[in-house]
Structure formats: C-alpha cells, structure tokens
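Structural overview
This is what each chain is made of:
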Amino acid sequence: MSEMTLSTKPRIPPLDEARFLDVDLFGQELKANPAPYFTQWAKSPPFYAMVQGHAHVVISRHAQVQWALRTHDIISAVPHKGWGTDLFDYFNGLPLVVDYDPPEHSRVRRLMQPGFTPSRVAKIQPLIEGMVDELALAVAEKKTFDMVTEFAGPLMYRVLLGGVFEFDPEIWPIFINLSNALELVATVPPGAPKPAAYMEAFNAVHDFCGRLIEERRVAPKDDLVGTVIAAHDEKGSISIEELFSTLVQLFTAGLGTVTATSSNAVLRLLRHPDQLALLRADPSLLNKALEECMRIDCLGNFRHRFVVKEHVIDGTPIYPGMVAHMSLGAANYDPDKYPDPARFDITRDPRDILTFGFGPHLCPGNILARMVTRAIVGRLVFGFPHLRLAHPDDVIICGGMPTERFPTHVNLRVD
Ligand code: HEM
C-alpha cells in the first residue's frame with residue numbers, strides 16, 4: 001500500500017463552529033436508536049463532528065451521498081494515513097478493493113468478480129436453501145435460539161466458506177478467527193500496534209493463502225480460488241497478499257453483513273406485528289418487505305472517504321485533510337425520497353436504497369446477500385407461525401465495527 005498511502009495531512013482552515021454537532025458517531029446510543037438522528041440529518045446540509053481529535057464531515061442527504069460516492073476527484077476512497085481513520089484499518093494496511101479510485105479500482109474489482117457471476121450464485125442457491133432447512137430443523141427442536149449466533153452466523157460460515165469458496169470444514173476456523181478478531185482493531189489508540197490476538201489470526205490466514213497458492217500450482221482446481229488465481233496469472237503470478245486480500249475481503253464483507261441484516265429484519269418484523277401479519281397474509285410481499293427492512297435498518301450507518309479537493313456542499317465547506325463519512329443510514333431516511341421515512345411500511349417498495357452503497361464500489365455481493373436474506377427471513381417467518389422474541393423487553397446491544405449496527409443477540413422462540 002506504500003504508494004497508495006499518503007501521509008502528510010494538509011492543514012485544515014478554522015471551521016465554522018455553528019456547523020459542528022456534538023455527537024458520538026460510533027457510540028452505542030446512535031447504534032441502538034439511530035432514527036431520531038437520521039430523520040434530522042437526512043434533511044440537513046453536511047455537518048462536522050469530532051472523531052479522535054480530528055474534525056470529520058458527515059454527509060447524509062440521499063442525493064449528496066450519491067454524489068459523494070461517485071466524485072472521487074473530490075472525495076477519494078484511497079486511504080490517507082494520519083487523517084484519523086486508524087480505527088478502520090481492519091487489515092493491517094493491506095490494500096482492499098474499497099481503497100481504490102477508478103480507473104485502478106475496476107482492475108482490482110475484476111479479480112473478485114468470479115465469485116459473483118449469476119451462474120455461481122444460481123449454482124449455490126439450492127445448497128443455501130438446504131442449509132437453511134437444516135438449521136430450521138435444528139432450531140425447531142431447541143425451541144429457543146439466538147438468531148445471530150445459532151442461525152444466521154453459522155449459516156453464513158457455511159454459505160461463504162463451504163458454498164462460495166468450497167473449502168473443507170477443517171479450514172473454516174482459520175477465517176472465522178480473523179473475522180472474530182476484526183473488532184479488536186477499533187479498541188487500540190491511534191498509531192498503537194494491533195492487538196496480539198488480531199495479529200495471530202491475521203498471520204494464520206496469510207500463511208494459509210501462501211500454502212494454497214503452492215498447492216494449486218501443483219494441482220489446479222476449477223473453483224473460486226482457481227478462477228481468481230487464473231485471472232491473475234494472465235498478468236503474472238498472484239502474490240500471497242493479493243489472494244489473501246481477495247479471499248478475506250469476500251469473507252469478511254459477506255459474513256457479518258448478512259448475519260446482521262437478516263437478524264435486524266426479523267427483529268423489525270417481530271416488533272411490528274401488523275406488518276408481520278400483512279406479510280404472512282401475502283407472502284409475495286417478501287421482497288418489498290426486505291427492501292424496507294434494509295432501508296430502515298441499514299447495516300452501515302457510515303462509509304468513510306477522504307476529502308482531497310476543497311468544495312462546498314449545500315453551504316458546508318469541506319477541505320483536503322478531512323475524513324468524510326457518508327451516512328448511508330441517514331440517506332435512507334431522506335424524506336424527499338421516502339416520505340414519512342421513520343414509518344416502517346412493507347408495502348412501500350423503496351427504490352435506490354443506499355444500504356449496498358452506490359457508484360463504483362456498489363456491493364458486488366448484493367444479489368447473493370439479498371438471496372440469502374430472503375431464504376433466512378422467509379423460512380423463519382413462514383415456517384414458524386409462533387415465531388416471537390424470547391424476551392420481548394430485551395435491549396438489543398450492537399457490537400461489530402464502529403460504523404455498523406450489528407446486534408450481538410436476537411433471542412427467538414418458535415414453539
Ligand atoms: C446485507 C449484506 C450486505 C451489505 C449491507 C453490504 C454492504 C456493502 C456496502 C455499503 C458496500 C460499499 C462500500 C463502500 O462504498 O465503501 C459494499 C462493498 C462490498 N461488499 Fe458488500 N454488503 C453485503 C453483503 C456482501 C456479501 C455477501 C459479499 C461477498 C460475499 C460482499 C462483498 C463486498 C465487497 C467485496 C465490497 C467492496 C466492493 C468495492 O469496493 O468495489 N458484500 N458492501
């Protein structure tokens with residue numbers, strides 16, 4: 001990443017105090033109940049907020065977020081060290097596909113495209129439905145279970161590691177350990193070394209990728225890893241870093257996101273019995289219902305970028321040296337796009353939700369993610385007529401990355 005990482009932070013001129021909001025962007029309060037924040041922000045121009053001693057800018061109107069996500073000459077995806085984003089350095093400085101601007105971005109993204117061809121997604125659909133059925137039988141016997149750790153989470157390990165990567169189960173813990181260690185990154189002070197548990201998990205995946213490349217040189221195979229290696233070999237041999245980065249990004253980007261999104265969707269439906277009844281009365285509403293769940297409970301409250309050129313957005317100046325947070329969560333509450341945005345309405349059929357991003361970095365896994373979420377939520381809602389929260393008054397705690405609304409537990413009953 002050396003040539004990509006720019007380290008000198010430009011001096012930011014004094015900022016207008018009136019444009020600052022005193023808010024902890026990544027705190028539990030916002031994660032637990034973002035609607036009051038989002039309804040306000042979605043009608044307001046960009047504002048400034050302090051993050052670890054740096055002034056960051058937050059952009060939250062739908063059209064402005066879309067503009068920012070495609071205007072990389074002003075708001076770039078390329079990481080700038082020292083600007084105040086250490087808490088998002090999940091992969092120890094390794095270049096990720098989200099870290100590139102066009103045109104380099106398309107070259108890197110093409111390497112992971114084999115994972116998302118329609119034929120690959122179609123091929124694993126029956127496998128996924130079978131896995132969902134198996135888990136549903138298991139929870140039917142248990143009667144009470146945690147949707148996050150006993151249903152959606154284990155399902156996604158199987159979907160990604162078994163279905164997409166086609167790895168044997170004994171390999172899975174290597175990836176699961178790294179995924180579990182990612183949230184440790186946000187716990188260290190800026191500039192401090194990464195925690196030992198994180199580094200151990202990181203090195204284990206790195207070593208595994210090295211072994212995999214060697215193995216595949218001797219015995220090529222026509223699976224996802226084989227296709228990725230072959231795509232690189234057209235231009236030269238793949239490095240351990242490139243394979244590591246491709247696999248780990250696919251895995252970590254897919255695992256928690258679908259787990260959290262489907263858990264949030266079930267929680268939302270159970271807390272709105274009228275909407276749940278409507279869905280059960282007309283199962284053809286499932287797709288619309290899920291889009292509405294993903295609109296109102298967007299997993300990523302924010303995605304960050306780096307301001308590289310001075311500009312004024314809706315009256316708010318932004319300067320090189322600032323980190324910009326696009327609030328996908330707030331943009332989904334923009335009343336110009338979604339009237340009465342805090343109302344959960346499964347017949348709304350919301351278009352252009354920003355839950356999967358926008359522009360060149362639009363989530364390549366969105367078709368797979370929508371398919372798996374539909375399989376999970378559909379199976380639970382239609383397969384268990386008595387599905388309910390095990391402890392209706394439970395306060396849901398959000399863990400996960402600082403920017404995400406990842407519920408740690410959603411306890412359910414099906415008897
Ligand atoms: C409901 C589940 C999911 C949500 C909400 C989600 C959300 C997102 C968002 C918002 C972005 C854009 C990031 C940015 O612009 O900075 C993104 C990118 C990405 N997602 Fe997803 N995602 C989900 C599932 C998946 C799955 C299942 C996979 C793969 C198996 C995946 C792989 C990726 C990758 C590789 C990128 C980077 C693309 C790029 O930078 O060009 N995602 N995702």
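The protein chain is annotated in an unreviewed UniProt entry as Cytochrome P450 from Sphingobium psychrophilum.

Regarding the overall build of the protein chain
Check the secondary structure of the protein chain and you find 14 helices and twelve strands. Structurally, the protein chain occupies a C-alpha span of about 60 × 60 × 35 Å along its principal axes. Buried residues in the protein chain amount to 38% of all 415 residues. A separation threshold of at least 6 residues defines the contact pool for the protein chain, and within that pool the share at least 24 residues apart is 76%.

Side note on the sheet that holds strand β2 (residues 54-59)
Whether parallel or antiparallel, the strands of a sheet pair through hydrogen bonds between backbone atoms. Strand order in the open sheet made by the five strands is β1-β2-β8-β5-β3, with mixed pairing throughout. Where the open sheet ends on each side, the last strands, each with one partner, are β1 (47-51) and β3 (75-76). Lying on the sheet, helix α3 (residues 62-70) is in contact with β2, β3, β5 (303-307) and β8 (323-326); it crosses β8 at an angle near 130°.

Regarding the site of the ligand
Taken together, 25 residues are adjacent to the ligand, and Gly254, Gly357, His361, Cys363 and Gly365 come closest. Contributions of two or more residues to the shell around the ligand are made by α4 (104-112), α10 (240-270) and α14 (366-383). The greatest single-element share of the shell around the ligand, amounting to seven residues, is contributed by α10. Class assignment of the residues belonging to the shell around the ligand gives a composition of 14 nonpolar, nine polar and two charged.

A short note on the environment of His206
Mapping His206 onto the fold places it in helix α8 (residues 196-218). His206 sits 32 residues away from Ile174 along the chain, and the two C-alpha atoms are 9.7 Å apart. Apart from residues lying up to four places away in sequence, His206 is in contact with Ile240 and Phe244.

Digging into helix α7 (residues 172-181)
Of all the positions in α7, only Phe175, Leu178, Ser179 and Ala181 are classed as buried. Taken down its axis, α7 places every buried residue within 165° of arc, on the same side.

A look at the sheet that holds strand β12 (residues 411-413)
With antiparallel pairing, the three strands of this open sheet are ordered in space as β4-β12-β9. Pairing within the sheet leaves two strands with one partner each, and these edge strands are β4 (144-146) and β9 (388-389). In the sheet, β9 pairs with β12 via two bridges, with the strands oriented antiparallel. From the neighbouring strand, Arg388 faces β12, where its bridge partner is Arg413. Of the strands in this sheet, β4 and β12 are in contact with helix α6 (residues 147-164), which crosses β4 at around 70°.

A short note on the packing of α6 against α10
Angle between the axes and distance between the axes: these two values describe a pair of packed helices. Orientation of α6 relative to α10, taken along the N-to-C sense of each, is 145°, at an axis distance of 9 Å. Where α6 crosses over α10, the handedness of that crossing is right-handed. Judged by residue contacts, Met147, Val148, Ala152, Gly153, Met156, Leu160 and Val164 of α6 engage Leu250, Phe251, Gly254, Leu255, Val258, Thr259, Ser262, Ser263 and Val266 from α10. For the contact of α6 with α10, the class distribution of residues is eleven nonpolar, five polar and no charged.

Observations concerning the pairing of β2
Pairing geometry for β1 and β2, over five bridges, is antiparallel. Each residue of the ladder has a partner; that of Val51, found in β2, is His54. A loop of two residues connects β1 with β2, the two strands running antiparallel in sequence, and Gln52 in this loop sits at a positive phi of about 45°. Sheet analysis places β2 next to β8, joined by three bridges and oriented parallel. Pairing of Val57 across the sheet is with Ala324, part of β8.

Some words on the nonpolar core
Membership of the largest hydrophobic core comes to 101 residues, with the highest contact counts inside it found for Leu155 and Ala324. Tallying contributions element by element places α10 first for this core, with 13 residues. Not counting residues within four places of it along the chain, the set of residues in contact with Ala324 comprises Val57, Ile59, Ala68, Ile75, His304, Arg305, Val307 and Ile318.

Here's the deal with the confidence of the model for the protein chain
Looking at the protein chain, pLDDT values average 90 and 97% of them are 70 or higher. Low pLDDT, under 50, characterises residues 1-5; the stretch is placed with nine contacts to residues that sit more than four places away or in other chains.

A few points about the environment of Leu160
The topology assignment puts Leu160 in helix α6. Sequence separation of Leu160 and Ala196 is 36 residues, and the distance between their C-alpha atoms is 26 Å. Beyond its immediate stretch of four places on either side in the chain, Leu160 contacts Phe165, Phe251, Gly254 and Leu255.

Let's talk about unusual backbone geometry
That bond from Pro102 to Pro103 is cis: its omega, 5°, falls within 30 degrees of zero. Although it is not a glycine, Lys143 adopts a positive phi angle of roughly 75°. Looking at where Lys143 falls in the secondary structure, it is placed in the loop between α5 (118-142) and β4. Of note in the backbone geometry, Asp352 takes a positive phi value of approximately 60° without being a glycine. Its place among the elements puts Asp352 in the loop between α13 (328-331) and α14.

Side note on the packing of α7 against α8
Where α7 contacts α8, the two axes come as close as 8 Å, and the packing angle between them is 145°. Considering only the axes of α7 and α8, their crossing is left-handed. Residues Ile174, Phe175, Asn177, Leu178 and Ala181 of α7 pack against Ala197, Tyr198, Ala201, Phe202, Ala204, Val205 and Phe208 of α8. Within the contact of α7 with α8, the residues separate by chemical class into eleven nonpolar, one polar and no charged.

Conventions used here
Residues numbered from 1 in each chain as written. Predicted model: local features only at pLDDT ≥ 70, side-chain atom pairs only at ≥ 80, totals over all residues. Helix = DSSP H or I, 4+ residues; strand = E, 2+ residues; numbered from the N terminus. Buried ≥ 20, exposed ≤ 12 C-beta atoms within 10 Å, placed from the backbone. Contact = placed C-beta atoms within 7 Å. Pairing = 2+ DSSP bridges. Axes fitted to C-alpha atoms, helices over the stretch in contact; angles between N-to-C directions. Near = placed C-beta within 6 Å. Nonpolar A, V, L, I, M, F, W, Y, C, P; charged D, E, K, R; others polar. Arc of directions from axis to C-beta. Left-handed = near helix turned anticlockwise from the far one by under 90°. Core = buried A, V, L, I, M, F, W, Y, C linked by C-beta atoms within 7 Å. pLDDT = per-residue confidence, 0-100.

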